[in-house]
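The primary structure of each chain is shown beneath.
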Amino acid sequence: MADRPVQVGVFLTHQQPAGRDPLTALDEQLRLVRAARDGGLDSIFAGQHHLPESFSHIQPLPWLARLAADAGDLRIGTGIHLLALHNPVDTAESYAGLDVVAGGRSVFGIGLGYRETEYAAFGIPPGEKVRRFTENLRIVRALWSGEPVHADLPWCRLDGVRATTRPASSPPVWMAANSDAAVRRAARLADTWMINPHATAGTVRRQLELFHAERATHGREPLGELPLMREIFCAPTRERALELARPHLAAKYEVYADWGQDRVLPGNESFRAGYDDLAHDRFVVGSPEDCLAALVPWRDELGVDHFVLRTDWAGMPVEHALASLDLLAREVAPVLRSSPAVRPAAAG
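Bear in mind that the values here come from a model prediction, so they are computed numbers and not experimental data. (Residues numbered from 1 in each chain as written. Predicted model: local features only at pLDDT ≥ 70, side-chain atom pairs only at ≥ 80, totals over all residues. Heavy atoms only, no water.)

### Looking at the overall build of the protein chain
Put simply, the rule reads: Helical segments are the DSSP runs of H or I of at least four residues, strand segments are the runs of E of at least two, and each set is numbered from the N terminus. Computation of the radius of gyration draws on C-alpha atoms, with the globule rule given as 2.2 Å multiplied by the number of residues to the power 0.38. With a 1.4 Å probe rolled over the protein chains alone, any residue whose accessible area is under 20% of its type maximum counts as buried; one over 50% counts as exposed, and the rest are partly exposed. Contacts are residue-level and defined by heavy atoms, with any inter-residue pair within 4.5 Å sufficient. Using the Shrake-Rupley algorithm and a 1.4 Å probe, accessible areas are obtained, with residue cover drawn only from the displayed protein chains. A positive count includes Lys and Arg, and a negative count includes Asp and Glu. His and the chain ends are not counted in either. For charged residues, the charge sits on one atom: NZ in Lys, CZ in Arg, CG in Asp, CD in Glu.
For the protein chain, the count of helices and strands is eleven helices and 16 strands. What you see for the protein chain is a C-alpha radius of gyration of 19 Å, in line with the 20 Å of a compact globule of 348 residues. For the protein chain, the spread of C-alpha atoms along the three principal axes comes to 60 × 50 × 40 Å. Residue burial in the protein chain is summarised as follows: out of 348 residues, 55% are buried. Counting contacts in the protein chain only where the partners sit at least 6 residues apart, residues at least 24 apart contribute 76% of the total. Accessible surface computed for the protein chain: about 13,900 Å², of which carbon and sulfur atoms make up 52%. Across the protein chain, the mean location of the 37 positive side-chain charges is 4 Å away from that of the 44 negative side-chain charges.

### Quick word on the nonpolar core
To keep it simple, the criterion reads: Nonpolar core, defined: a set of buried Ala, Val, Leu, Ile, Met, Phe, Trp, Tyr and Cys residues in which side-chain atoms within 4.5 Å join the residues together.
Leu41, Leu67, Trp193, Phe307 and Leu336 are the most contacted members of the largest nonpolar core, which has 105 residues in total. Discounting chain neighbours no more than four positions away, the residues touching leucine 67 are Leu30, Val33, Ile44 and Ile76.

### Thoughts on the side chain of glutamate 225
We count it as follows: The term polar contact refers here to a pair of N or O atoms within 3.5 Å; inside protein, the definition further demands a hydrogen-donor-capable atom paired with an acceptor-capable atom, and it admits residues adjacent in sequence only when both atoms are side-chain atoms.
For glutamate 225, the location among the structural elements is in the loop between helix H7 (201–217) and strand S13 (227–234). Side chain to side chain, glutamate 225 and arginine 75 meet in a polar contact 3.1 Å long. Excluding anything up to four places from it in sequence, glutamate 225 contacts Arg4, Arg75, Pro172, Trp174, Thr192, Asp305 and His306.

### Let's talk about the pairing of strand S10 (residues 156–161)
To keep it simple, the criterion reads: Should DSSP find at least two bridges between two strands, the strands are regarded as paired.
In this structure, strand S9 (residues 149–153) lies alongside S10, joined through five bridges in antiparallel fashion. Within the sheet, the bridge partner assigned to valine 149 lies in S10 and is valine 161. Where S9 folds back on S10, the antiparallel hairpin that results is connected by two residues.

### Digging into the side chain of aspartate 312
Selection rule: Any carboxyl oxygen of Asp or Glu that lies within 4 Å of a side-chain nitrogen of Lys or Arg is treated as forming a salt bridge with it.
Positionally, aspartate 312 belongs in the loop between strand S15 (306–310) and helix H11 (318–337). For aspartate 312, which is buried and forms no salt bridge, the nearest opposite charge comes from arginine 20, at a distance of 8.1 Å. Side chain to side chain, aspartate 312 and glutamine 29 meet in a polar contact 2.8 Å long. When sequence neighbours within four positions are dropped, the list of residues in contact with aspartate 312 reads Gln29, Leu32 and Ala321.

### Observations regarding the packing of helix H2 (residues 60–68) against helix H3 (residues 88–101)
When two helices pack together, their arrangement is given by the angle between their axes and by how far apart the axes lie. Applied cut-off: All axes are obtained by fitting lines to C-alpha atoms, using only the stretch in contact for helices, and the reported angles, taken between N-to-C directions, cover 0 to 180 degrees. Angle categories: roughly parallel below 35 degrees, roughly antiparallel above 145, roughly perpendicular from 65 to 115, and oblique for all the rest. Left-handed is the label given to a crossing in which the near helix is rotated counterclockwise from the far helix by less than a right angle, and right-handed is the label when the rotation is clockwise.
Orientation of H2 relative to H3, taken along the N-to-C sense of each, is 10 degrees, at an axis distance of 9 Å. Compared by their axis directions, H2 and H3 come out roughly parallel. Crossing of H2 over H3 shows left-handed handedness. Contact residues: Pro60, Leu61, Leu64, Ala65 and Ala68 in H2; Ser94, Tyr95, Leu98 and Val101 in H3.

### What about the state of the cysteines?
The criterion, for reference: When two cysteine sulfur atoms are found within 2.5 Å, that pair is recorded as a disulfide.
Applying the stated criterion across every chain, the model contains zero disulfides. Its sulfur unpaired, cysteine 234 is 3.9 Å from the next cysteine sulfur, which belongs to cysteine 291. Under the relative-accessibility criterion, cysteine 234 is labelled buried at 2%.

### So, the packing of helix H1 (residues 22–38) against H11
Our working definition: Asp, Glu, Lys and Arg are counted as charged, while Ala, Val, Leu, Ile, Met, Phe, Trp, Tyr, Cys and Pro are counted as nonpolar; the rest, among them Gly, fall into the polar class.
Contact geometry of H1 with H11 gives a least axis separation of 10 Å together with a crossing angle of 10 degrees. It follows that H1 is roughly parallel to H11 by the angle criterion. Where H1 approaches H11, its residues Glu28, Arg31, Leu32, Ala35 and Ala36 are matched on the opposing element by Val318, Glu319, Ala321, Leu322 and Leu325. In terms of residue class, the contact of H1 with H11 is made up of seven nonpolar, no polar and three charged.

### Thoughts on unusual backbone geometry
The omega torsion across glycine 79 and isoleucine 80 is 25 degrees, close enough to zero to call that bond cis. With respect to the helices, strands and loops of the structure, isoleucine 80 is situated in the loop between strand S6 (75–78) and strand S7 (81–82). Even without being a glycine, histidine 14 presents a positive backbone phi close to 60 degrees. Positionally, histidine 14 belongs in the loop between strand S2 (7–11) and strand S3 (16–17).

### Concerning H2
The following threshold applies: Of all possible arcs, the one meant is that of the directions from the helix axis to the C-beta atoms.
Taken as a whole, H2 has its buried residues at Pro60, Trp63, Leu64, Leu67 and Ala68. On an axial view of H2, the arc spanned by its buried residues comes to 135 degrees, and they lie on one face. Those residues of H2 hidden inside the fold are in contact with H1, strand S4 (43–46), S6 and H3.

### What about the packing of aromatic side chains?
The following threshold applies: Any Phe, Tyr or Trp ring, taking Trp's six-membered ring, that has another such ring centre within 6.5 Å forms a pair; planes under 30 degrees apart are called stacked, those over 60 apart edge-to-face, and the others tilted. Our definition puts a charge over a ring when NZ of Lys or CZ of Arg is within 6 Å of the ring centre and also within 35 degrees of the ring normal.
For the structure on display, the rule yields five aromatic pairs. On the basis of an interplanar angle of 55 degrees and a centroid distance of 5.4 Å, the ring pair of tyrosine 95 and phenylalanine 108 is categorised as tilted. Here tyrosine 95, found in helix H3, pairs with phenylalanine 108, found in strand S8 (residues 106–111); they are 13 residues apart in sequence, far enough to count as distant. Grouping residues by exposure puts tyrosine 95 and phenylalanine 108 together as buried. Relative to tryptophan 144, the ring of phenylalanine 108 has its centre 5.2 Å away and its plane inclined at 65 degrees; by these criteria the two rings are edge-to-face. One end of the pair, phenylalanine 108, is in strand S8; the other, tryptophan 144, is in helix H5 (residues 129–145), and 36 residues separate them in sequence. Each of the two residues, phenylalanine 108 as well as tryptophan 144, counts as buried. Feature note: the residues Tyr95, Phe108 and Trp144 constitute an aromatic cluster, connected by ring pairs. It is arginine 132 that lies over the ring of tryptophan 155; its NZ or CZ is 4.5 Å from the centre.

This is the structure in structure tokens:
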């Protein structure tokens, strides 16, 4: 077993109600970036969707490049880049550039995605997405290595090319996964699994066993880190936290249900549920003590050592998100960091 220091970051989706003034929204999001930096947090992540319909948000590359200017020493990562939708050469060069802008502190978070609208917009049949995802990851890594790269694919042909635009570091590949098959894929192909915020804790516990077993079967090296995303809101009391977070979290997951996010989760999990049923074993909403009671077991029992916390949702006043972020930075993060994460023996 190996001890690993714990990091705590924030996920800034930058999702806004459609039609909201984008300059005002950007200014508010940058306030959250500076609060995370000044509060001593460790990382900031941003996600990707195309044609999000109910929301608007800036694509992660310009957003992460902009926030890097205010982020200080924070790690900068995608959660996630929809790798199968994009040309791997463009992806490799663009995210190499982001790593340089971020001072060699980037994380390359990737995932398959689940929205049919996005695949249709890029002209990609759903049956081809796993192959495209796997090949694109191979090509990106090969280009970053500086070695000659070959590919003879319908969407990318390379004849021994070498990339000269390369990252400053070797960004770790964090792979998002919802289904059991995707979790096993992450175990085989990625540096780690970026545990999603949508599944219940019970589901994630079961899938972590699959993840570790698959890595062991394929002789993978020990994990360098194990990140967990969670929806969280912190206020002085549980009642106040619920009052402020519930309307925005409930609305967010209504949109996820419309998008079909729950259909890629294992079992019969559904987002077509009342808030209390939806929140149970999934959301972390309460006082600092409540938040720690929910998060510490992930560290102590499952070996999570990088908490990526989303405490800002479309339509929430920025002052509420800032107040939650302040409590997380002052009262939750120090306790999470006070003891190292311990890798379970099953992880290798």
